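Residue-level structure breakdown
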Amino acid sequence: MYKHLFKFAVLSITILTAELLTDFITNKLISHKWEYHPIRFTLISMAIITILFYPLFTKLEEWINRFSKRFIKAGHSYFGKYIGLLLMYLIALLILTFFYAQMWYNINIFNYLFRLKLFT
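Every chain begins its residue count from 1, and numbering advances along the sequence as written. With pLDDT at 70 or above as the cut-off, local features in this predicted model cover only qualifying residues; side-chain atom pairs require 80 or more to be listed or tallied, and sums for whole chains, interfaces and linings still use all residues. Side-chain numbers here rest on the full set of heavy atoms in the structure, without hydrogens or water.

Within this scheme, the nonpolar core is defined by two criteria: the residues are buried Ala, Val, Leu, Ile, Met, Phe, Trp, Tyr or Cys, and they are joined through side-chain atoms within 4.5 Å. Each residue gets one of three labels from its accessible area relative to the maximum for its type: buried under 20%, exposed over 50%, partly exposed in between, using a 1.4 Å probe on protein chains only. Formed by 14 residues in total, the largest nonpolar core has its most connected members in Phe6, Ala9, Ile13, Phe71, Ile72 and Leu85. Counting from the N terminus, the helices are DSSP H or I runs at least four residues long and the strands are E runs at least two residues long. Put simply, the parts of the chain that give this core at least two residues each are α1 (2-30), α2 (38-79) and α3 (81-105). The contact criterion used is simple: two residues touch if any of their non-hydrogen atoms lie within 4.5 Å. When near neighbours in sequence (up to four residues on either side) are disregarded, Phe71 contacts Met88, Ile91 and Ala92. By size, the runner-up hydrophobic cluster in this structure holds five residues, among which are Ala18, Phe53, Leu60 and Ile64.

Here it is, written out as structure tokens:
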């Protein structure tokens, strides 16, 4: 049971982190689209995406997977097997939620948490 939960936690953190990084890079690139002719920008962007994402995708999954495993195993050594897994998974989700909310809505979720206005 623990093995399946561990694999789920690592895989979901890996997917969310990889998506966050690729969205960040894509959004930075798209923010410059008004500076160039549409066809020129499209071709330049496609080249940049290929040049950046090819090495990134070949190693990113490996790096994030390794980091996620270490991060979750750290909780195991401090809090025990299941509680450590749950606690570290929730911490990772909270950190990722912060970055997604910052990227998508330009808000700091910790301000909402401290003011207890999370769902308003």
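Still to come is the rest of the account.
Here we take up the side chain of Asp23. The topology assignment puts Asp23 in helix α1. Despite its burial, Asp23 pairs with no opposite charge; the closest candidate is Lys28, at 13 Å N-O. What Asp23 contacts, discounting residues up to four positions off in sequence, is Met103 and Trp104. When charges are counted, Lys and Arg are positive and Asp and Glu negative, with His and the chain ends excluded. Each salt bridge in this description consists of a side-chain nitrogen of Lys or Arg and a carboxyl oxygen of Asp or Glu lying within 4 Å of one another.

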